Amino acid sequence: MGNTTTDPREPLLRIDDLEISFGSASVVRGVDLSLNEGEILALVGESGSGKSMIGRSILGLLPTPGRVSRGRIRFAGHEITAPSSPEELRLLRGRSIGLIFQEPLSSLNPTMRIGEQMFEAMRLHTDLSEAQIRDRAIEMLRQVRLDRPETLLNRYPHEFSGGMRQRIMIASVMMLKPRLLIADEPTTALDAVVQREVLDIMEDVARASGTAVILISHDLAVVARYADRIAVMEKGDLVETGATRTVLARPAHDYTRRLLAAAQLGTPSPVSGRPGAALLKVDNLSVDFAEKTFLGLFGKRVHHAVRDVSLTVAPGEFVGLVGESGSGKSTIGRAVCNLTPKAGGTVSFDGRDLDTCGAGEEQRLRRRIRVVFQDPFSSLNPRMRIGRIVREGLRHEPGLSAAERQKAAEDMLEAVGLSRDMAGRFPHALSGGQRQRVAIARALIAKPDLIIADEPVSALDVTIQAQILALLKRLQAEYGFACLFISHDLHIVEQLCARLYVLHKGRLVEEAPTPAIFAAPRHPYTRRLMSASPRLEQGDDGLQLAETELPEIGGAEADYYDATRPEDPYRLIDTGQGHHVALRSEERRAG
Amino acid sequence: MILFVLRRILMSVPTLIIVAVIIFCLVRALPGDAALMMLGGNIDDESTLEMMRHQLGLDQPLPVQFMAWLREIFSGNLGISVRTGQPVGELILDRFSVTATVVLLAMASALAVSIPAGLFAAHRHNTRADYAIVVATILKLSMPSFWVGLMLLVLFGAILGWLPTVGYVSVSQDFGLGVTYLILPVTSLALSEIAVMTRMMRAGSLEVMNRDYVTHARAKGLPERQVLWRHVFPNAFAPTLTMVGIALAGLLAGAAVTETVFTLPGLGKLLVDSIYGRDYPVLQGALLFIAAVYVVTNLLIDIAYSFFDPKVRLS
């Protein structure tokens, strides 16, 4: 199946002097790249660097009106940029070149069953019988480590989580055993633990079938683990290529060095709170989501999103709330703001119980809490100008004239590192990082005492992430607010947070001052989270990939509370210096 | 699924009762006297008038009249036309079959044309083919539909003389002749729907066309035809389906303008005639029937949704 290369020395894929243009603007210029059979190449750069366009051009699927305006792409004896017929390209797609997209939530057709989506390409490219195709699909789903694959084929995409969909995607693409796989940010939308799993699976499957991979990503640290070689793109130019180890250890180009610096995030500088009474105190908070089963005739199935969680935030303190998606961390943030009803527990702010203090008092207290959301693309109203969005944070301040509000908004924009004239623009004219700055400005303009930041940097490029974190730190020093920082990435919360709470399936499994948790993580779940997000570290020979070596802990794993078995007895015990960990038995103590 | 349908049908009973109350009140609020109308309009003999009113039950208090009507409905009897003496149920079904034939044929042909046309226009976005389709739909949308109907009549009926201009012959009586009477009204109705639905379909497809799963379908090497029909169409059709539902219910309830232009004995015409004739039983029966048509059409559209969107659970 497929053509073999005539010249054995000819690489599988060769890109010469590639230029891609949209109208008269070129987004990729003079790129030369080559890839051998079975090799994994990481193509790294920020959003807008043109890396995805290179991937698309290899399939001949540039979005309109993009086109290859110069250069050529050769793949296994085929001229992609000058095919003999459109059919030649179409037959290469799927069979010889596979593509996996960033957004697992949008890359599967929502109206088609999983099985059907897997089968249709097989039917097209092979002569196998229906039964054989079905067997291959089941075998492939098993290879991406999905349980009971035969039951999955008749289900629809919306019934699966993001991580599972991306695995299904990998299975459906790798089922055809392509010679080249283009994975465009395959895990950016997933949280650290799932990201690690999915990439591991992808690497295994690709290596097993000898498929070459182009792994496109903005996160150098994530792809460095898998890539044989790294190519770095900056604003349409290929600035550096080389073996992974060499690029990490001795980056030749300035931009690569900057990317690497961003990936290291720098030395953590936690923001400790002021002593005294807690600003925010959450006691035994529970949140349930009810799911009606079968027309509501047979009762409801109650899903406990948050169970018995207690936490405190001191004035001016940064506290991290960490866990994978579905752990209930965002729900806690929402429950504190009263955006989700509580099933139990109390929330006190500044010493007052928000449920019992009376409506007027509650409103006054709540005005001192502001929120920054994850997705800066949907959290700003696209029909409002930036100035108005920021000003809106002041609407509960009577006695301010319009001019004063305007000035306050512009001052705030300046404080978050934007220019004053941004006030007249609409959100769509801003980049993701700029939008998140606007969201921060909107939250801070009323000088709140507490900010609830729900994954404030997860949707951003690594280089921008570092900038936003630095901004938060600077603003905190200036305004003195406290922050409940919600994130799935331990290394990000490590940067700013003085204390961490680790959540797993709605339960608190570990709580400790940040340095303590990084020095000696105790709960197995915390350890898994920690090893999931790879970081670059300064080694003896320049930078290298840090495999977090975790110190041994006392006590068997079985002693710890496992949130996947919710009926087990649960107890949070103190192991000294404010380090708490969840155990399952009441008598035995670990450590 | 069956449970869902049963529940929906049960839920529609209170709706229909409320509709019945409103209809009853509205009809009684009409100016004019049914008894006077029936007796030819100019009778000064008060006792004859009284007798007529008594015969029609119009001398009873309104609530009693309403309950009597409701009781009749539940026993399946919609009453008897004041003007023609025919049973109302029979009359409505008779007229509805004309309307339904024209409307369903028009809708089916409109779907058959506008789905491929909309998909094609979106596929050829910003090319001449796309522009041509868009311009054609705008042209049609800006012409009043009764005018288009009249022009069709003038051209094919009067000038060319190919098709009959007045009257109606049912296809069950004489198939060949019946078809010639259907062509013009069906074409005229379908043209309006094609214009709207093509635009909806095009807009829906354009939105879906940029989704990752469509690019991914192409990246699998699927031929363009398969990409369009299997991946774009089911996802792009939902907004059009909503439109179809609204239009279908509205037209089945009586395509009054088209029926008037083409002198079809349909439901819309029945309604207009019974209003002028103060034919209370027919008017009430027809309005109630129309409400039921809306309920059933909406139910069918909701069921159709679940075929196009697996996330829509029928519950």
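Note that this is a predicted model, so its numbers are computed, not measured.

**Some details on the overall build of chain B**
- When you go through chain B residue by residue, the secondary structure sums to 13 helices and zero strands.
- The order of α-helices and β-strands along chain B, N terminus first, is α-α-α-α-α-α-α-α-α-α-α-α-α.
- With the principal axes as the frame, chain B shows a C-alpha extent of 85 × 55 × 35 Å.
- When each of the 315 residues of chain B is scored for burial, the buried share is 44%.
- Within chain B, residue pairs in contact and separated by at least 24 positions form 73% of the contacts whose partners lie at least 6 positions apart.
- Within the structure as shown, chain B displays about 15,800 Å² of accessible surface, and the carbon and sulfur contribution to it stands at 69%.

**Some details on the nonpolar core**
Residues and elements named next belong to chain A.
- Within the largest apolar cluster, 90 residues are counted, with the highest numbers of intra-cluster contacts made by L280, L311 and F485.
- Inspection of this core shows a minimum of three residues originating in each of domain 2 (280–368 + 449–583) and domain 3 (375–447).
- Filtering out sequence-adjacent residues up to four positions away, L311 remains in contact with L280, K281, V282, L321, I332, L484 and Y501.
- Membership of the second largest hydrophobic core comes to 56 residues, among which are L146, M174, V232 and A263.

**Description of helix α1 (residues 2–29) of chain B**
- Over its 28 residues, α1(B) runs 40 Å from end to end, which matches the ideal 40 Å to within 8%, given 1.5 Å per residue.
- Within the span of α1(B), buried status applies to B:F4, B:S12, B:A20, B:I23, B:F24, B:V27 and B:R28.

**Things to note about the packing of helix α5 (residues 162–174) of chain A against helix α6 (residues 192–208) of chain A**
Residue and element names in this part refer to chain A.
- The interhelical angle for the contact between α5 and α6, taken along N-to-C directions, is 10°, at an axis separation of 10 Å. Here α5 is positioned roughly parallel relative to α6, judged by the angle of their axes. Each of G163, Q166, R167, I170 and M174 in α5 lies in contact with α6, whose residues at this interface are V194, E197, V198, I201, M202, V205 and A206.
- Each residue belonging to the contact of α5 with α6 can be placed in one class, and the counts come to eight nonpolar, two polar and two charged.

**Digging into the pattern of salt bridges**
All names here are of chain A.
- Under the counting rule described, the total for this entry stands at 44 salt bridges over all chains.
- A salt bridge links R207 to D228, with the shortest nitrogen-to-oxygen separation between them at 3.5 Å. With R207 in helix α6 and D228 in the loop between α7 (220–224) and β9 (229–234), this residue pair connects regions lying 21 residues apart in the sequence.
- R207 gets classed as partly exposed once you look at its relative accessible area, which sits at 39%.
- A salt bridge links D283 to K281; the shortest N-O distance between them is 3.0 Å.
- Assessed through its relative accessible area of 35%, K281 is described here as partly exposed.
- Among the charged side chains, a network of salt bridges with common partners joins E10, R14, D16, R72, R74 and E79.

**A closer look at the confidence of the model for chain B**
- Looking at chain B as a whole, the pLDDT averages 84, with 94% of positions reaching at least 70.
- Across chain B, element-level confidence peaks in helix α6 (residues 128–141) of chain B with a mean pLDDT of 93 and bottoms out in helix α2 (residues 34–38) of chain B with 68.

**Observations regarding the state of the cysteines**
Residue and element names in this part refer to chain A.
- Using the criterion set out here, one finds zero disulfides over all chains in the structure.
- No disulfide involves C357; its sulfur sits 15 Å from the nearest other cysteine sulfur, which is in C337.
- Residue class for C357 comes out buried when judged on its relative accessible area of 15%.
- For C483, which is in no disulfide, the shortest distance to another cysteine sulfur is to C497 and amounts to 6.7 Å.
- According to the relative accessible area criterion, C483 is buried, its value standing at 1%.

**Details of the interface of chain B and chain A**
- Each side of the interface is counted separately: chain B has 23 residues, and chain A has 32 residues.
- Together, the buried faces of chain B and chain A total about 2,400 Å²; carbon and sulfur atoms form 61% of this surface.
- Joining chain B to chain A, the criterion identifies three salt bridges.
- Residues of the side of chain B that touches chain A, tallied by class, amount to nine nonpolar, seven polar and seven charged.

**Regarding the sheet that holds strand β23 (residues 571–574) of chain A**
All names here are of chain A.
- The sheet built from eight strands is open, its strands ordered β16-β17-β18-β13-β19-β20-β24-β23 with mixed pairing. At either end of the open sheet lies a strand with only one pairing partner, and these are β16 (369–372) and β23. Adjacent strand axes in the sheet meet at a mean angle of 20° when their direction is disregarded.
- Sheet topology note: the β23/strand β24 (residues 580–583) ladder contains four bridges and is antiparallel. Paired with R571 across the two strands is L583, which belongs to β24.
- Packed on one face of the sheet, helix α14 (residues 432–444) meets β16 and β17 (450–454) and runs near 175° to β16.

**Section: the packing of α14(A) against helix α15 (residues 462–479) of chain A**
All names here are of chain A.
- With their axes 10 Å apart at the nearest point, α14 and α15 run at an angle of 20° to one another. With respect to their mutual orientation, α14 and α15 come out roughly parallel. The hand of the α14/α15 crossing is right-handed. The segment α14 lies against α15, with G433, Q436, R437, I440 and L444 engaging I464, Q467, I468, L471, L472, L475 and Y479.

**With respect to the packing of aromatic side chains**
- Considering all chains together, one arrives at nine aromatic pairs over all chains under this definition.
- For the pair B:F24 and B:F66, a centre-to-centre distance of 5.1 Å together with 70° between the ring planes defines the contact as edge-to-face. Of this pair, B:F24 sits in helix α1 while B:F66 is found in helix α4 (residues 62–74), placing the two residues 42 residues apart along the sequence. Both residues of the pair, B:F24 and B:F66, count as buried.
- Connected via pairs of aromatic rings, a cluster forms that spans B:F24, B:F66 and B:W69.
- Across the ring face of A:Y570, the terminal group of A:R507 is positioned such that the distance to the ring centre comes to 4.0 Å.

**Overview of the confidence of the model for chain A**
- Overall, the predicted model of chain A reaches an average pLDDT of 85, with 91% of residues at or above 70.
- For residues 1–5 of chain A, every residue scores under 50 in pLDDT, and the model assigns this stretch eleven contacts once sequence neighbours within four places are set aside.

**Details of the pairing of strand β10 (residues 237–243) of chain A**
All names here are of chain A.
- The pairing of β9 with β10 spans six bridges and is classified as antiparallel. The partner of E234 across the bridge, within β10, is D237.
- Here β9 folds back onto β10, and the loop between the two strands holds two residues, one of which, K235, carries a positive phi near 45°.

**Structural notes on the side chain of A:R93**
- Relative to the helices and strands, A:R93 is located in the loop between α2 (86–92) and β6 (97–100).
- Within the buried core, A:R93 has no salt-bridge partner, and the shortest N-O distance to an opposite charge, that of B:E224, equals 6.1 Å.
- Setting aside residues up to four positions removed in sequence, A:R93 forms contacts with A:L59, A:G60, A:L61, A:H125, B:R218, B:A219, B:K220 and B:G221.

Cut-offs and rules
Residues numbered from 1 in each chain as written. Chains lettered and ligands numbered in written order. Predicted model: local features only at pLDDT ≥ 70, side-chain atom pairs only at ≥ 80, totals over all residues. Heavy atoms only, no water. Helix = DSSP H or I, 4+ residues; strand = E, 2+ residues; numbered from the N terminus. Buried < 20%, exposed > 50% of the residue type's maximum accessible area, 1.4 Å probe, protein only. Contact = heavy atoms within 4.5 Å. Areas by Shrake-Rupley, 256 points an atom, 1.4 Å probe, with all protein chains shown as cover. Core = buried A, V, L, I, M, F, W, Y, C linked by side-chain atoms within 4.5 Å. Domains from an automatic or database assignment. Expected span 1.5 Å × (residues − 1). Axes fitted to C-alpha atoms, helices over the stretch in contact; angles between N-to-C directions. Parallel < 35°, antiparallel > 145°, perpendicular 65-115°, else oblique. Nonpolar A, V, L, I, M, F, W, Y, C, P; charged D, E, K, R; others polar. Salt bridge = Lys/Arg side-chain N within 4 Å of Asp/Glu carboxyl O. pLDDT = per-residue confidence, 0-100. Disulfide = S-S within 2.5 Å. Buried area = accessible area lost by both parts, 1.4 Å probe. Pairing = 2+ DSSP bridges. Left-handed = near helix turned anticlockwise from the far one by under 90°. Phe/Tyr/Trp six-rings, centres within 6.5 Å; stacked < 30°, edge-to-face > 60°. Lys NZ or Arg CZ within 6 Å of the ring centre and 35° of its normal. Lys, Arg positive; Asp, Glu negative; His and termini not counted.

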